[in-house]
Each structure stands twice: as structure tokens, then as C-alpha cells.
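Residues per chain, in single letters:
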Amino acid sequence: MDSKSIECFITLYRLHNMHKAADSLYISQQGLSRVIQNLEREFEVQLFDRRKTGMFPTKAGDIFYQYAVKFSSETARLKRELYSVSTGKEEIRLACAYGSLHILYPYIRSFMKDFPEYQIKWAEYTDVETERQLQEDSADLAFCVKKDESVEFETYPLFSKNVMVLVYEDHPLWNKKEISFQDLQNEKIILEGPEFHIFSSFQKKCLDAGFYPEIAAQTTEINLCHKLCRMKEGLGITIDFIAQMHQIPQVKAIPFKDPAFTWEVYMAVKKREALPKGAGAFWKYLTALF
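From a predicted model like this one, the values you see are computed outputs, not experimental measurements.

Caption draft 1: Just the packing of helix α1 (residues 3–15) against helix α3 (residues 29–43), in detail. Taken N-terminus to C-terminus, the directions of α1 and α3 make an angle of 105°; their axes are 10 Å apart at the nearest point. The angle between α1 and α3 places the two elements in the roughly perpendicular class. Contact residues: α1 offers Ser 5, Cys 8, Phe 9 and Leu 12, while α3 offers Leu 32, Val 35, Ile 36 and Leu 39. Broken down by class, the residue content of the contact of α1 with α3 amounts to seven nonpolar, one polar and no charged.

Caption draft 2: Representation of helix α10 (residues 277–289) in the model. For α10, with 13 residues, the first-to-last C-alpha span of 19 Å sits near the 18 Å given by 1.5 Å per residue. Where α10 is concerned, the buried positions are Gly 278, Ala 279, Gly 280, Ala 281, Phe 282, Trp 283, Tyr 285 and Leu 286. In this structure, the buried side of α10 is in contact with β3 (90–97), α5 (101–114), β4 (118–125), β5 (141–145), β6 (153–168) and β11 (262–270).

Caption draft 3: Structural context of the nonpolar core. Counting 58 residues, the largest nonpolar core has Phe 143, Leu 184, Phe 202, Ile 237, Phe 256 and Phe 282 as the members making the most contacts within it. Looking at this core, the element that brings in the most residues is β6, giving seven residues. Apart from residues no more than four positions distant in its own chain, Phe 256 is found in contact with Val 163, Met 164, Val 165, Glu 178, Ile 179, Phe 181, Leu 184, Phe 202, Ile 237 and Phe 261. Within the second largest apolar cluster, 21 residues are counted, among which are Ile 6, Leu 32, Val 35 and Phe 48.

Caption draft 4: Structural detail: the packing of aromatic side chains. Within the structure shown, the criterion is met by 22 aromatic pairs. Relative to Phe 64, the ring of Phe 9 lies with its centre 4.7 Å away and its plane at 75°, an arrangement referred to as edge-to-face. With Phe 9 in helix α1 and Phe 64 in helix α4 (residues 59–87), this pair connects stretches of sequence that are 55 residues apart. Ring geometry for Phe 115 versus Tyr 118: centroids 6.5 Å apart, planes at 35°, classification tilted. Pairwise contacts between aromatic rings join Phe 9, Tyr 13, Phe 43, Phe 48, Phe 64 and Tyr 65 into one cluster. The residue whose ring lies beneath Lys 252 is Trp 174, and the NZ or CZ to ring-centre distance is 4.5 Å.

Caption draft 5: Just the pattern of salt bridges, in detail. In the structure shown here, the tally under the stated rule is 11 salt bridges. Linking Asp 208 and Lys 204 is a salt bridge whose minimum nitrogen-to-oxygen distance equals 3.3 Å. On the criterion of helical spacing, the pair formed by Asp 208 and Lys 204 is a turn pair, its members being four residues apart in helix α7 (residues 197–208). You'll find Asp 208 and Lys 204 in the same group, each marked exposed. Beyond isolated ion pairs, a larger network of salt bridges with shared partners links Arg 14, Glu 129, Arg 132 and Glu 136.

Caption draft 6: Representation of helix α2 (residues 18–25) in the model. Of the positions making up α2, those classed as buried are Met 18, Ala 21, Ala 22 and Leu 25. For α2, the angular spread of the buried residues around the axis is 100°, confining them to a single face. Buried residues belonging to α2 abut α1, α3 and β2 (54–57). Residue Tyr 26 follows α2 closely and has a positive phi angle near 60°.

So, how was this worked out
- Residues numbered from 1 in each chain as written.
- Predicted model: local features only at pLDDT ≥ 70, side-chain atom pairs only at ≥ 80, totals over all residues.
- Heavy atoms only, no water.
- Axes fitted to C-alpha atoms, helices over the stretch in contact; angles between N-to-C directions.
- Helix = DSSP H or I, 4+ residues; strand = E, 2+ residues; numbered from the N terminus.
- Parallel < 35°, antiparallel > 145°, perpendicular 65-115°, else oblique.
- Contact = heavy atoms within 4.5 Å.
- Nonpolar A, V, L, I, M, F, W, Y, C, P; charged D, E, K, R; others polar.
- Expected span 1.5 Å × (residues − 1).
- Buried < 20%, exposed > 50% of the residue type's maximum accessible area, 1.4 Å probe, protein only.
- Core = buried A, V, L, I, M, F, W, Y, C linked by side-chain atoms within 4.5 Å.
- Phe/Tyr/Trp six-rings, centres within 6.5 Å; stacked < 30°, edge-to-face > 60°.
- Lys NZ or Arg CZ within 6 Å of the ring centre and 35° of its normal.
- Salt bridge = Lys/Arg side-chain N within 4 Å of Asp/Glu carboxyl O.
- Arc of directions from axis to C-beta.

Without other data, these values stay purely geometric and don't point to any function.
In C-alpha cells:
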């Protein structure tokens, strides 16, 4: 058993799908299957039930997952301490929700320039996975997309952006200045999937307006919403600064009438736990700027 095998197991455990897990790990499905089989042989237990609908953990798999998460967290802590000894720098592990770095990366660079004794190691995740990285101590600090106040996290609001509707030319809503949720009834909608909080927030707004939205496509790449909208596959849901960055002919972004429907990014750490020195310094640095 090694750290790579544990990473493979954890990824498959969470995704329940061999193809998706292999893609996420950048290995072949055959390679991932061999890793899982080797773990099952080593521990003489079946970790997953193989079904047509996916890979689902057995009771032994559930127990193995709890230990695997602890093993992964301790391994990451060991790597960080060894990095500090070998380089003389303290590593700050940062989990970032997709999109947040477009705004915040310049501040990361300026922090490392002002505080060369620290090195920030960052990675991007879906909204749900970003929170999970923090919960499982795989990150010291996270840039999360706000859904609800969490009792597990101490949070600090950083910025808020407007959610927009992507409309293609010649659509009946093309000339609208603002769009209400009622306008979207019976429209095909393209947006990020359940791993992103905007998915559930959008559904709730539509239900409050009296209808269940017709989700034509779910994606993990918001840029794809823009492309599919141009192809007239449906109306897309995007964020204002993303729309400005990726302007496409015959497609425009129109704001919602509801000013409360926003995309909010906040900084989060786990409650009741002392921050590592570097993460604490980064927290103070950003709270002084925002």
C-alpha cells in the first residue's frame, strides 16, 4: 500500500464510477482497476461491489475509507514537514473553488513576494470538493463558494459577483435588460452540476418562482455553457466576470432582476483548530485587504 493507491481508492469511493475516477486521476481504467484489486488482495477483503450502475463500497470499503482519509492527511502533513526542512520554507496548502483564482491569484503572488519564507501550494476543485478538502485536513485554508454558514468553518467574505443568463441571438429574451426567474420557465438551461452550489441555488430560486427548471445539460466547465448557448442548445448560467472574459459572438449575458442571486466567495478555515503559522499569516494578509 502506498499514497498513490490510497488516492486512487479515495477518488473511486467518492465518484462511484471507474471512468470518472480514472479521468480525475489521469490514469487508465485498467490501471485503476489493478490498483483496487491489489488493495483487495493485500487486505484480503472486497472493498467495492461492482454493479452496472457503478462501483459502490462494501461495509469493509466504508471502514477502509475512514482509515484511508487519515492516512492521506498524515502523509500530506509529513510531506509538508519534510518540505519545510529541506527548503527552509513553510508550505501553505490552499483549496480553491473553480473560478475563485481568477480574482484572487494576484494576491497569492503578492503574499509570496512579501513573505518569501512561505510557499503556497494550491489546487482547484468543485465547490463540494473544496469544502471536503478542508474538512479532511487536506488543506489548511480554502476559497469556498458560499452556500450556507457552516458550523464547521470559520469564514470571512471576500467578494460577491453577479450571476447572469446567457442568451443567444434571435431568442425571445435577447432584447431583455433584465431577466426574472419566471422568464426561464419552459426554457432549456445549461449550468454547472450538483458539485457546484450554483446548481442547487438556481433550482431553489426557480421553485420559489413556481416551477421546476428544465436542466438540459450539466457541466463542470462553465465555459462550456457559453459554447452550448451559441449552438442554441439552451440558455446558460454564468458569472459576470467569466462572461466578460469569454465573450462569444451572437451570445450575450443578461443580469437577473433578483439582486440577491449572487456568486459569493469566502475564505474558510476549520473552527476550533490552531492554524499553522503560514496559514495564519495568509489569513491576516487577506482580511486586511478585503
